Amino acid sequence: MSKTTGPDTKQIQYDRQLRLWGDHGQKSLEVGRVCLIGANALGTEILKALVLPGLGSFTIIDHQLVTLADCGSNFFVHPSMIDQSRARVTCDLLKQLNPDVHGTFVDKPSIDDLLKQNTFDFAQFSVVITANLPYNTLTILANHLWTLKVPLIIARTYGFIGTIRLQLVEHFILEAHPDDTIPDLRLDRPLKSFINHCNSLDFDNLTREEHLHMPSLIILFKTLQQWQKQTNRTDLPRIRKEKDEFKQILEQLSHHSAYDANDINRSLENFDEAKRTIPSRLVSTVIPSTINDLFQDRSCLELSNQSNIFWFIINAIKLFTQNEGHGLLPVRGDVPDMITNTNSYVKLVEIYQEQAKKDCDIIYNYLIDLLKKHNRYSNEQATLHDLVHIYCKNASFLKVLRTSSMKNDDDLLKKYIEQLSFESSPDEPEPEICWYIGLRLCDSFYEKFNRYPGEFPLSINEMDTDQRQLEIDLNDLKQIGKQIINLDKQQGAVRENILEELTRYGASELHSISAFIGGCCAQEAIKLITHQYVPIDNVLVYNGIRQSTSVFKF
Amino acid sequence: MATALNSSSTMENINLSDTSIGKLPEESSVLVVGAGGIGCELLKSLALCRFRSIGVIDLDTIEVSNLNRQFLFRREHVGQAKATVACDSIRRLCPSIHIEPFHGDVITDSRFDISFYKQYDLVINALDNVQARQHVNRMCLLCSKPLIDSGSTGYNGQATLIFKGRTQCYDCIEKPKQQRTYAVCTIRNTPSQPIHCIVWAKFLYNQLFGDNDDPNNEDVTPDADDPENAYNEQETTTTTTTTNGHHKISTRDWVHTELEEFHPISVFNKLFFDDINYLITMKNLWEKRRQPIAIQYEQAFQLNELHQNGQNNHENSTMPKLNDQRIQSISDYVQMFIDSLNELKQRSDKQRKLAASSKEPPFLIWDKNDDADLRFVTASANLRSYIFGINLTSKFDVKSMAGNIIPAVATTNAIVAGITVLQARKILSSLPRSSTDHTLTSLKQLTNVFISTNRSTGAIIQSILLEEPNPSCIQCSDLEQPVRVRINMSLFTLYSLYERLIRKHLKMNKPDVIIADGSGRILISADDDEEDEQMMLKTLDQFKLMNGTILLCEEEYDDKTNEALYQHMKIKLMLEHTDTITDKDEYIIVDDQVIGEIKQIKQSLKRKLSEDDDDDDNIQHLDDYQNELNIVKKTKKLSTTHDEHNNNNNNNNGPMHTSFVMLVDDPVPTHTNGHHTHQETSENNTKNHIQICDDSSTSNDSNSCVILDDDIQTNSKPVNNTEKHEIIADDDDDDDCYCTDITEL
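Residues numbered from 1 in each chain as written. Chains lettered and ligands numbered in written order. Predicted model: local features only at pLDDT ≥ 70, side-chain atom pairs only at ≥ 80, totals over all residues. Heavy atoms only, no water.

**Student:** Tell me about the sheet that holds strand β6 (residues 156–162) of chain B, residues and numbers included.
**Tutor:** Residues and elements named next belong to chain B. Pairing is mixed across the open sheet formed by eight strands, whose spatial order is β3-β2-β1-β4-β5-β6-β8-β9. Pairing within the sheet leaves two strands with one partner each, and these edge strands are β3 (98–103) and β9 (461–465). Neighbour-to-neighbour, the strand axes of the sheet open up by a mean angle of 15°, direction not taken into account. Pairing geometry for β6 and strand β8 (residues 447–452), over four bridges, is antiparallel. Paired with A159 across the two strands is V449, which belongs to β8. Docked against the sheet, helix α5 (residues 130–142) engages β1 (29–33), β4 (122–125), β5 (147–153) and β6, running at close to 165° with respect to β5. (Pairing = 2+ DSSP bridges. Helix = DSSP H or I, 4+ residues; strand = E, 2+ residues; numbered from the N terminus. Axes fitted to C-alpha atoms, helices over the stretch in contact; angles between N-to-C directions. Contact = heavy atoms within 4.5 Å.)

Right, dumping it as structure tokens:
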């Protein structure tokens, strides 16, 4: 049945996702390098969702051996592999998912030793992901990566709770893919070539054919011109009365002498479209405040030899807006579909694309000057031009994402705890942040006892012993809570039932929670690698009991 | 309306330990319908969450474009059955699991009857099309099984819960029209958008190579009955019948009768020169439109400059574009047309030869993943676009538009599957552990979950409280239980359905018969005075009715004929196919619910008719006549809004016709009238396309709409701006899949 002729299999294999992030997104992914620390169920789920879409390469760091417990929750190990290196067996099986992906592993020394020796090159990775890494090791790693400016995704599952935390010194979002965008057509600040084109059309003496195929954008502009003349204004109609006047002129323009009396009632699709699109076409063109913020950003103002190319291009765009752009961003160049014939549409596309190309070239030249000035210029002109093109097309949506460093987490957590003790009442369901706080207490428990609360081998015949041990653990956990966050006073922040529940979990890994967090985490990694879409900013807590997620800023 | 969520009790209800209330995964069995993107993830997660008994249904075979997310498959599996390979992969990693593949169509395969569903505790949909979802929904409602409906599109997904009588069912909220419909005239005479030309090109493919018996096989020649053309029609017809007589026949017939030897250039000139010239003669059409420009092969080949390609030239040329995403020159499309036409012609001839000696169909089915098929549609659509002055479309985009391609990525599927399995565990934990009575004891902690991972706010999931069922839902409201009729679809005629079953047996006068699949298409119209005899003698499978189709027979009050007795009577019929019936007029009414309710009706009969009947409990002792009468009355009673009318009206029609009727309890017959012993077979060789045809009563109306082939839609981009939405598809590789729109609930 399946006939695989024609285009190469790679294009077919990735067809469905190319429609989400495009060829250039796929190319970025294919040179992406991911480091995973922890080849447990969560870790392999993350990598699986990165290997399938065609990640460039991955490296697994894990010194543990496969245990029977792994076989219960991890799809990529098998009872026959018990006592083998977990990094090796999972690496092998993951590579089988997609022969295009490179995979390596480090099973010796352990991550702790790697960090101590400080010889392993973490800077080679686009993203480092940790899966259920103990807190102590995590903080050392996080600090290390912070100085290297390597993005870190911290993934965790704990019973029915899952969390993701992003640590990003600076992440640049080039293509945000906003849900809905208003096309950049600038009727209030029309392009010169657009005005010339419109003026070349003699609206009073159109043939019937021409009238029928007049693009709605030009109709709107003609209407605006007449309205401005009539009212002696230079801006857009704003209040109701002005808009009504505008619509009246539009109505007049829709009449044509060539139509007989019967025709008048017949609707003209292009004029209907003009009326329909008034709200999205008659908008004032300005620089969004987020972009102005970028222009005022310290990294933008203090451009140096070490600055990221992002800031060079932002600077170039800024220069453009101050000069040739006359206070506006470069023209995006896209023209939405319109009811018209091909020639008229193509003409419009030409006008906007030509201007977009000109703007893009000017910015490119500014960029080259800036790079030369800071001794950063090399001969990669071709790729640089493509990059500038992407920036120009997305100029209104460019964004930089910064998070705090892991080492500030406890301070930030305390702020949340203080807030909670004011805001929450015990009758309401606990806010999701409480689970995050609870997990931090479990980490402290681990530091003290070298195991998580409730994590001990179950004695099959002596339920009572287990129960007693659970109670002891819960008590210890509460004690830790008292020491760290003054639990007695801050009742609202961490409730007893949460600590009980966390103790009961005993750091167990539930596969369906790992599948969820694994998918989310891989999605975030793809966002970071492709610089497309907006990542979580920056802590996600998933509550499997209630099927809910919340996001917190750290 | 919504069930309250009691959050304080949630934690007690879900428990990691064995002491949890309700069923454990180890002791329950789950049916997964669909082994595609979400299906693969689901099977893995179910296996690792200790589900030990799983059934998997999938119709498809593995394709290369599945491999970016369906991780149970590898390149070497391409071409094999998804269900089988998926089960093998799971078994290899979890040898102790009992997992059973079913390679077949969940809708038409007779293996999947009510008793099949009854084996499972829970059903999970991981499907990519509405019709299969509606079918499974129906089956789960019939046997009161909990159903989880999962789906994904791009970055969005959902896992919703359906439980009869407790939550909304899949059909409680009407789905917006999934098929985009275009007026016949727009497609055949006056296209104005690229999609019109693409639709036309797919019709053309079917005209040349497709299924001749498919009633949806639309003609592509100019349509002289265009109402816009009305006032000078006379003039045009007289001129054209003499010069261009072949415009009166379909393209298919033209190819078969007029062409002595198949020659691609002749086909080209007919389609793009003769037909267009004929269209130009329909002058009224072009008063307000740009007139098309006919092109001849010889001249078209000269169009090798990028005449039309403003779009292409001015797309920033420094951006690398793959070949498929480029718009080519007209001469390229001419070449592409000729080449693909030749290739397909050869393939078509081969297929016909193959069909003579095997079960293969004697025609080709358009497949978006096939390069020749795609090139043919791309070339034809773009040549037509050029003629009508419409923007050209790249092959990549034609594939999206013609093939109903839904973006899909591994990450979203993993997320949806993780949530779905958790939902499954929650449902199980609220099922009573030992009993076979699958009534949920508590829905408190259950919610519908919607997912979108591309939101800038980062809130990935949204839990929505379960909604009460819609009391007027045609599928799940108890008031309107369907009468289940078992027939042989390939023998039973429309005449038998209408005259024998509906009019004689069910005592309806002259109802409209409507196909209750959400489309509201009319199978038989009451207004049609003279029925087309040809049509009435067709068997039901020729109308592409399928196993599980529900027909709604509805009568309206008619004051002229004074038939107040029947006013507003509705009966629902559910058709079930069986091969065991070999008589063309035979049908069997199967309904365990009906049997169960006969007691009640008998009670009410007793009161109403003041009968003195001794055996009030055992319906087995009722004679067949009484039995049938009761069913008829019962169905009428259930569906008549004015109860008082329905008690005596059967008397007018004399004794019941019983010779071909019997009642059986499902699945084991409890009593027969001596004609048959009913047996189930697992083989079903009528593998129907899941589309239901429009009836010919509307087809002579030139303004009627063309129902598009399932898999066309104009917009394949993921829609991101709806906050909560239902996703219909999780996968795109089913050519029968016909919808992708993400719809706001």
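**Student:** Can you lay out the environment of T108 of chain B for me, pointing to particular residues and giving the numbers?
**Tutor:** Within the secondary structure, T108 of chain B is located in the loop between β3 and α4 (114–118). Between the alpha carbons of T108 of chain B and L545 of chain B there is a distance of 9.6 Å; along the sequence they are 437 residues apart.

**Student:** Before we move on, could you go through unusual backbone geometry and cite the residues and values that matter?
**Tutor:** Residues and elements named next belong to chain A. Note the cis peptide between K108 and P109, where omega equals -10°. Locating P109 in the fold gives a position in the loop between β3 (102–106) and α6 (111–117). N538 follows D537 through a cis peptide bond whose omega is -10°. Tracing the sequence through the fold places N538 in the loop between α23 (511–530) and β9 (539–543). One non-glycine residue, A507, lies in the positive phi region at around 55°. Within the secondary structure layout, A507 lies in the loop between α22 (496–505) and α23.

**Student:** Any chance you could break down the packing of helix α3 (residues 41–51) of chain A against helix α5 (residues 86–97) of chain A for me, citing the residues and the numbers?
**Tutor:** Residues and elements named next belong to chain A. Taken N-terminus to C-terminus, the directions of α3 and α5 make an angle of 25°; their axes are 9 Å apart at the nearest point. It follows from the interaxial angle that α3 and α5 lie roughly parallel. Regarding α3 and α5, the two cross each other, and that crossing is right-handed. In this structure, α3 uses T44, L47, K48 and V51 to contact α5, whose residues at the interface are T90, L94 and L97. (Parallel < 35°, antiparallel > 145°, perpendicular 65-115°, else oblique. Left-handed = near helix turned anticlockwise from the far one by under 90°.)

**Student:** Just give me the short version of the domain arrangement of chain A, but keep the residues and values in it.
**Tutor:** For chain A, the domain assignment lists domain 1 (9–176 + 511–552), domain 2 (192–281), domain 3 (289–401) and domain 4 (406–505). Averaged C-alpha coordinates put domain 1 of chain A and domain 2 of chain A at centres separated by 55 Å. (Domains from an automatic or database assignment.)

**Student:** Just give me the short version of the nonpolar core, but keep the residues and values in it.
**Tutor:** Of all hydrophobic cores here, the largest spans 134 residues; its most connected members are L50 and I129 of chain A. Once residues within four sequence positions are removed from consideration, L50 of chain A is found in contact with V34, L55, I129, A522, A525 and I526 of chain A. Ranked by size, the runner-up nonpolar core spans 58 residues in total, among them I198, L279, I280 and I330 of chain B. (Core = buried A, V, L, I, M, F, W, Y, C linked by side-chain atoms within 4.5 Å. Buried < 20%, exposed > 50% of the residue type's maximum accessible area, 1.4 Å probe, protein only.)

**Student:** An account of the sheet that holds strand β4 (residues 127–131) of chain A is needed here, citing residue identities and associated values.
**Tutor:** Residue and element names in this part refer to chain A. Strand order across the open sheet formed by eight strands is β3-β2-β1-β4-β5-β6-β9-β10, with mixed pairing between neighbours. The open sheet has two edge strands, β3 and β10 (548–552), and neither has a second partner. Neighbouring strand axes in the sheet, compared pairwise and without regard to direction, differ in orientation by 15° on average. Of the pairings in the sheet, the one linking strand β1 (residues 33–37) to strand β2 (residues 57–61) comprises five bridges and is parallel in character. Of the residues in β2, the one forming a bridge with C35 is T59. Along the sheet, helix α20 (residues 433–449) makes contact with β5 (152–158), β6 (161–167), β9 and β10, crossing β6 at roughly 85°.

**Student:** Now, about the confidence of the model for chain B: what can you tell me, with residues and values included?
**Tutor:** Residue and element names in this part refer to chain B. Here chain B shows a mean pLDDT of 69. Residues at 70 or above account for 62%. Every residue in residues 1–20 is under pLDDT 50, and counting partners more than four places away or in other chains gives 40 contacts. This stretch, residues 305–320, has a pLDDT under 50; its non-local contacts, to residues over four places away or in other chains, come to 33 contacts. (pLDDT = per-residue confidence, 0-100.)

**Student:** So what's going on with the pairing of β3 of chain B? Which residues, and what values?
**Tutor:** Where strand β2 (residues 53–58) of chain B meets β3 of chain B, six bridges bridge the pair, whose relative direction is parallel. Across the sheet, I54 of chain B pairs through a bridge with I99 of chain B, a residue of β3 of chain B.

**Student:** Explain the packing of aromatic side chains residue by residue, including any values.
**Tutor:** What the rule picks out here adds up to 35 aromatic pairs over all chains. A ring pair is formed by F75 of chain A and F71 of chain B, whose centres lie 5.6 Å apart and whose planes are at 90°; its orientation type is edge-to-face. One end of the pair, F75 of chain A, is in the loop between α4 (68–73) and α5; the other, F71 of chain B, is in the loop between β2 and α3 (82–93), on a second chain. Here the two residues F75 of chain A and F71 of chain B agree in accessibility, since each one is buried. Here the aromatic rings of F102 of chain B and F116 of chain B are separated by 5.0 Å at their centres, their planes lie at 85°, and the arrangement is edge-to-face. Placement of the pair is F102 of chain B in strand β3 and F116 of chain B in helix α4, with a sequence separation of 14 residues. (Phe/Tyr/Trp six-rings, centres within 6.5 Å; stacked < 30°, edge-to-face > 60°.)

**Student:** How would you explain the side chain of R440 of chain A if you had to name every residue and give the values?
**Tutor:** Residues and elements named next belong to chain A. Take R440: it is sitting in helix α20. Overall, R440 belongs to the buried group, its relative accessible area being 14%. Only 3.4 Å separates the side chain of R440 from the side chain of Y135, close enough to count as a polar contact. The contact partners of R440, leaving out residues within four places of it in the chain, are Y135, D410, L413 and E447. (Polar contact = N/O pair within 3.5 Å; in protein donor to acceptor, adjacent residues only side chain to side chain.)

**Student:** I'd like to hear about helix α2 (residues 37–48) of chain B, residue by residue, with values.
**Tutor:** Note: α-helices contain 3.6 residues per turn, so residues at a spacing of three or four share the same orientation. Residues and elements named next belong to chain B. Taking 1.5 Å of rise per residue, 12 residues should cover 16 Å, and α2 covers 17 Å from first to last C-alpha, within 8% of that figure. Counting buried positions along α2 gives 12 out of 12 residues, so the element sits mostly inside the fold. Buried within α2 are the following residues: G37, I38, G39, C40, E41, L42, L43, K44, S45, L46, A47 and L48. R50 occupies a position one or two residues after α2 and carries a positive phi of about 70°. (Expected span 1.5 Å × (residues − 1).)

**Student:** Provide a residue-level description of helix α8 (residues 192–200) of chain A, including the pertinent values.
**Tutor:** Residues and elements named next belong to chain A. Burial in α8 covers these residues: F194, H197 and C198. End-on view of α8: buried residues confined to an arc of 95°, all on one side of the axis. Exposed residues on α8 whose side chains face more than 90 degrees from its buried face are K192, N196 and S200. (Arc of directions from axis to C-beta.)

**Student:** Tell me about the pattern of salt bridges, and please be specific about residues and values.
**Tutor:** All chains considered together, the criterion is met by 45 salt bridges over all chains. Between E432 of chain A and R546 of chain A there is a salt bridge; the shortest N-O distance is 3.5 Å. Of this pair, E432 of chain A sits in the loop between α19 (409–423) and α20 while R546 of chain A sits in the loop between β9 and β10; the two residues are 114 residues apart in sequence, bridging distant segments of the chain. Since its relative accessible area comes to 17%, R546 of chain A is described here as buried. Residue E343 of chain B is joined to R375 of chain B by a salt bridge in which the shortest nitrogen-to-oxygen separation is 2.8 Å. Residue E343 of chain B is found in helix α13 (residues 330–357), and its partner R375 of chain B is found in helix α14 (residues 371–388); the two are separated by 32 residues along the sequence. On the basis of relative accessibility, which here comes to 16%, the residue R375 of chain B falls in the buried class. If you follow the salt bridges from partner to partner, you end up with E343, R347, D370, D371, D373, R375 and K395 of chain B in one network. (Salt bridge = Lys/Arg side-chain N within 4 Å of Asp/Glu carboxyl O.)

**Student:** Which residues make up the UniProt feature "active site" (unreviewed entry) in chain B, and what values go with them?
**Tutor:** Residues and elements named next belong to chain B. Feature annotation in UniProt places "active site" (unreviewed entry) on C185, given in this structure's numbering. One can find C185 in helix α6 (residues 184–188). Assessed through its relative accessible area of 7%, C185 is described here as buried. (UniProt positions renumbered as here; feature names shortened; annotations may be inferred.)

**Student:** Break down the confidence of the model for chain A for me, citing the residues and quoting the values.
**Tutor:** Parts of the prediction with low pLDDT should not have their coordinates interpreted in detail. For chain A, the average pLDDT comes to 88, and 92% of its residues sit at 70 or higher. Long-range and interchain partners of residues 1–7 of chain A, a stretch whose pLDDT sits below 50, account for 16 contacts in this model, where long-range means more than four residues apart.

**Student:** Tell me about the packing of α8 of chain A against helix α10 (residues 216–231) of chain A, residues and numbers included.
**Tutor:** Residues and elements named next belong to chain A. Between α8 and α10, the shortest axis-to-axis distance is 11 Å and the interhelical angle comes to 85°. Between α8 and α10, the crossing angle belongs to the class labelled roughly perpendicular. Of α10, the residues touching α8 (which contributes F194, I195, H197, C198 and N199) are L217, I218, F221, K222 and Q225. Across the contact of α8 with α10, the residue classes tally to six nonpolar, three polar and one charged. (Nonpolar A, V, L, I, M, F, W, Y, C, P; charged D, E, K, R; others polar.)

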